[in-house]
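If you want the building blocks of each chain, they are given just below.
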Amino acid sequence: MKILIGVPVSKGISIGFARVYVKEKVKVTDAKDSVPISEKKELLAKSLKKTKEEIKLTYENLKKTNPKEAEIFEAHLLILEDPALSEKIDEYLNKGYNLAYSVKASFEEFIETLKNLQNEYMKERANDLYDILDSLLRNILHIEKINLSSLPKDSIVVAEDLTPSDTAALDRNNVLGFVTEKGGPTSHTAILAEALNIPAVVGVNNLLQNIKNGDELIVDGTKGEVIVNPDNETKERYVSLKKEKDEQEKLLKEKAKEFAYTKSGKRIEVVANIGSPKDVDKALEMGAEGVGLYRTEFLFLDRTVPPGEDEQFEAYKVVAERFKPHPVIIRTLDIGGDKQIPYLNLEHELNPFLGVRAIRLCLKEKELFKTQLRAILRASAYGNVLIMYPMIAIKDEIIEANNMLNEVKEELRMKKIQFDENIKVGIMVEIPSAALNADELIDYVDFFSIGTNDLTQYTFAADRTNEGLSYLYRPLDAPVLKLIKLTVDASHSRGKWTGVCGELAGDPDAIPVLVDLGVDELSMSPSKIPEAKEIIRSL
Ligand code: PEP
Ligand code: MG
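Residues numbered from 1 in each chain as written. Chains lettered and ligands numbered in written order. Predicted model: local features only at pLDDT ≥ 70, side-chain atom pairs only at ≥ 80, totals over all residues. Heavy atoms only, no water.

Colleague: I'd love a proper account of the environment of Arg237, names of residues and values included.
Modeller: With respect to the helices and strands, Arg237 occurs in helix α9 (residues 232-255). Residue classification places Arg237 among the partly exposed positions, given a relative accessible area of 48%. Along the primary structure Arg237 and Gln209 are separated by 28 residues, whereas in three dimensions their C-alpha atoms are 26 Å apart. (Helix = DSSP H or I, 4+ residues; strand = E, 2+ residues; numbered from the N terminus. Buried < 20%, exposed > 50% of the residue type's maximum accessible area, 1.4 Å probe, protein only.)

Below, the structure written as structure tokens:
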């Protein structure tokens, strides 16, 4: 038995088995080799078979929940059986190239041909081929790929770090916890674990040296401990502790169905942060009275082309419908910083957190932004939708974004497409300049929502993902609280409201402080809602 210590970021206890997720880049050289062709063909046949089995599994998993997406994987199977592709591979093999290179070069030629077709659907499929190629090469080169999209039961994912695109297709049914070597309280792992209501411990030194695939693990996300291969006594203690906690949680969840009022009678709206329609069930189950932050950039991750207007519309509409008549605040794309999207081919920046991210990027990439605005407006006909711009620094950005919104509204009117003519527009206050100037900005918006994750990092000039700087992550210190107060007071002076949607909103120690500062709405990971409501009721 070994006990590893890290930073607790999502509470609770889970007992399961390690699935170690290692990302290794596939390297292929163009060298020729002397391996007999028959051997190469045999390995190719085996690798193709394995790849097809993996694709079939993803297809079967998706078929139940997402039949449209599943169809794509069915097409992938057909591609692997295409005789033109195997002829190409044979040509390279006959010239003496190694198998991995023969496969890679053939796929790339095939991809180029598809890309040149004048058919949008085929062009998209061409990009999918890179994924198939990656799986096939891993099988040829025996680079194990732990597929996070289909995990065995009771898995605890162990990794150096988990990025949003690593987990976009995560098998949510079988994952019980996360343990990572890197990351801090606002890392993607932490946010995802909170959303899924599973324990997580991050920042565990030398993690991958101490855990191997299949080890039994206890993750204590409250204390920040990971127990590797526990002895019987320890395991029994944790099993009964877990049972006790589960019962307490059940009781709190029942009470979370009701609104939360402070003792003086002020209702604080308690709403959820979500990243996809998949999070809606959990949010409703936990007592969310709407969505205070829909992080739409997650729809853009783990793929090779951006989602089109219709796909986005469906993803926004379904959330609006499920929460109707409660509000759903859809945040426009917040790409950049730690959320990079390779297919947009954005310029490399030395300082991405201070770079062309979020609204800055959307104001440059006008078509990308307008497509999203159109999809949001169309969805607004189906529920109570609000729009929120991220990373606003100055009023001109709001004016420019609103001008584009008005253009899109006009286009929809011309085409007689329905949307909410009175749709409310707000901004995230997460840059000190916005908070300091809130009394001017408020005249251009209907509400504010404070992003304390970024507001803290920009106030202390400390990268929120750098665990070496976690001592500067101080959202409850006077500098940030002063900025929150300025923001709340500015909105109230015009009869408007302010919410908080950074991680601070769900922090039990912070809730009394935020309510005292006059915050009207708190938006948090669904799992935090029941306890947050209990705290509000005690104030
Ligand atoms: C924030 O910055 O507090 C926030 C809620 O946005 P994100 O974490 O997505 O940057
Ligand atoms: Mg932010």
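Don't stop here, the text continues.
Colleague: Before we move on, can you summarise the packing of aromatic side chains with the specific residues and values?
Modeller: According to the stated counting rule, one finds seven aromatic pairs in the structure shown. Each residue in the set Tyr92, Tyr97 and Tyr101 is aromatic and connected to the rest through ring pairs, giving one cluster. One residue, Lys95, lies across the ring of Tyr92, its end atom 5.3 Å from the ring centre. (Phe/Tyr/Trp six-rings, centres within 6.5 Å; stacked < 30°, edge-to-face > 60°. Lys NZ or Arg CZ within 6 Å of the ring centre and 35° of its normal.)

Colleague: Residues and numbers for the site of ligand 1, please.
Modeller: Taken together, 14 residues are adjacent to ligand 1, and Arg295, Arg331, Gly451, Asn453 and Arg464 come closest. In this structure, Gly451 approaches ligand 1 through a main-chain N or O atom, which is 3.4 Å from an oxygen atom. Protein coverage of the free-state accessible area of ligand 1, which is 280 Å², stands at 99%. No other element matches the three residues that helix α17 (residues 452-460) contributes to the shell around ligand 1. (Near = heavy atom within 4 Å. Polar contact = N/O pair within 3.5 Å; in protein donor to acceptor, adjacent residues only side chain to side chain. Areas by Shrake-Rupley, 256 points an atom, 1.4 Å probe, with all protein chains shown as cover.)

Colleague: Before we move on, can you summarise the coordination of the magnesium ion (ligand 2) with the specific residues and values?
Modeller: Those protein atoms acting as donors to the magnesium ion (ligand 2) are Glu430 (OE) and Asp454 (OD), and they sit at 2.0 to 2.1 Å. With Glu430 in the loop between β14 (424-429) and α15 (432-436) and Asp454 in helix α17, this residue pair connects regions lying 24 residues apart in the sequence. Considered together, Glu430 and Asp454 belong to a single accessibility category, that of buried residues. (Donors = N, O, S within 2.8 Å, 3.2 Å for Na, K, Ca; no water.)

Colleague: Please give an account of the environment of Lys52 that cites residues and values.
Modeller: Tracing the backbone shows Lys52 in helix α1 (residues 37-65). For the pair formed by Lys52 and Phe73, sequence separation is 21 residues and the distance between their alpha carbons is 9.7 Å. Those residues in contact with Lys52 that lie beyond four places of it in its chain are Leu77, Leu80 and Glu81. (Contact = heavy atoms within 4.5 Å.)

Colleague: Outline the packing of α17 against helix α18 (residues 478-493), supporting the account with residue identities and numerical values.
Modeller: One way to put it is that α17 packs onto α18 with a least axis distance of 10 Å and a crossing angle of 125°. If you check the angle between α17 and α18, you find them oblique. Along this stretch, α17 crosses α18, giving a crossing that reads as right-handed. Between α17 and α18, the residues in contact are Thr452, Leu455, Thr456, Thr459 and Phe460 and Pro479, Val480, Leu483 and Ile484, respectively. For the contact of α17 with α18, the per-class residue count stands at six nonpolar, three polar and no charged. (Axes fitted to C-alpha atoms, helices over the stretch in contact; angles between N-to-C directions. Parallel < 35°, antiparallel > 145°, perpendicular 65-115°, else oblique. Left-handed = near helix turned anticlockwise from the far one by under 90°. Nonpolar A, V, L, I, M, F, W, Y, C, P; charged D, E, K, R; others polar.)

Purely spatial values, then, with no claim about function.
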